[in-house]
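Structural overview
The lines below spell out each chain.
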Amino acid sequence: MKRKWGLFLYPLAAFLLPMVITIIAFGLHGIAPLGSKNILVSDLATQYLPFF
């Protein structure tokens, strides 16, 4: 029985733990969806700014 839980629990933890850490970090820094800042602004500067 313990082996069945391990097969289910480890992949679930591998998915949820990074997601929870990312959501907490976004919330602390005020990045969307939990704040007013947007993470795509830095991407915009590196990809589109050289064209202008």
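So, a few notes on the structure that sits alongside this text. Keep in mind it's a predicted model, so treat the numbers as computed, not measured.

Thresholds applied
Residues numbered from 1 in each chain as written. Predicted model: local features only at pLDDT ≥ 70, side-chain atom pairs only at ≥ 80, totals over all residues. Heavy atoms only, no water. Helix = DSSP H or I, 4+ residues; strand = E, 2+ residues; numbered from the N terminus. Buried < 20%, exposed > 50% of the residue type's maximum accessible area, 1.4 Å probe, protein only. Areas by Shrake-Rupley, 256 points an atom, 1.4 Å probe, with all protein chains shown as cover. Patch = residues over 30% accessible without salt bridge, like charges linked within 9 Å, V, L, I, M, F, W, Y side chains within 5 Å. Salt bridge = Lys/Arg side-chain N within 4 Å of Asp/Glu carboxyl O.

Let's talk about the overall build of the protein chain
- Of regular secondary structure, the protein chain possesses two helices and zero strands.
- The 52 residues of the protein chain split such that 4% are buried.
- Counting only carbon and sulfur atoms, one obtains 76% of the accessible surface of the protein chain, whose full area is about 5,100 Å².

Description of a nonpolar patch on the surface
- On the surface, Trp5, Phe8, Leu9, Leu12, Phe15, Leu16, Met19, Val20, Ile23, Ile24, Leu28 and Leu34 cluster together to form a nonpolar patch covering roughly 1,200 Å² of accessible area.
- Position of Leu12 among the secondary structure elements: in helix α1 (residues 2-29).
- A residue is classified by how much of its surface remains accessible, and Leu12, at 34% relative accessible area, is partly exposed.

Remarks on unusual backbone geometry
- The linkage connecting Ala32 with the following residue, Pro33, adopts the cis geometry, with an omega of 10 degrees.
- Topologically, Pro33 is positioned in the loop between α1 and α2 (40-47).

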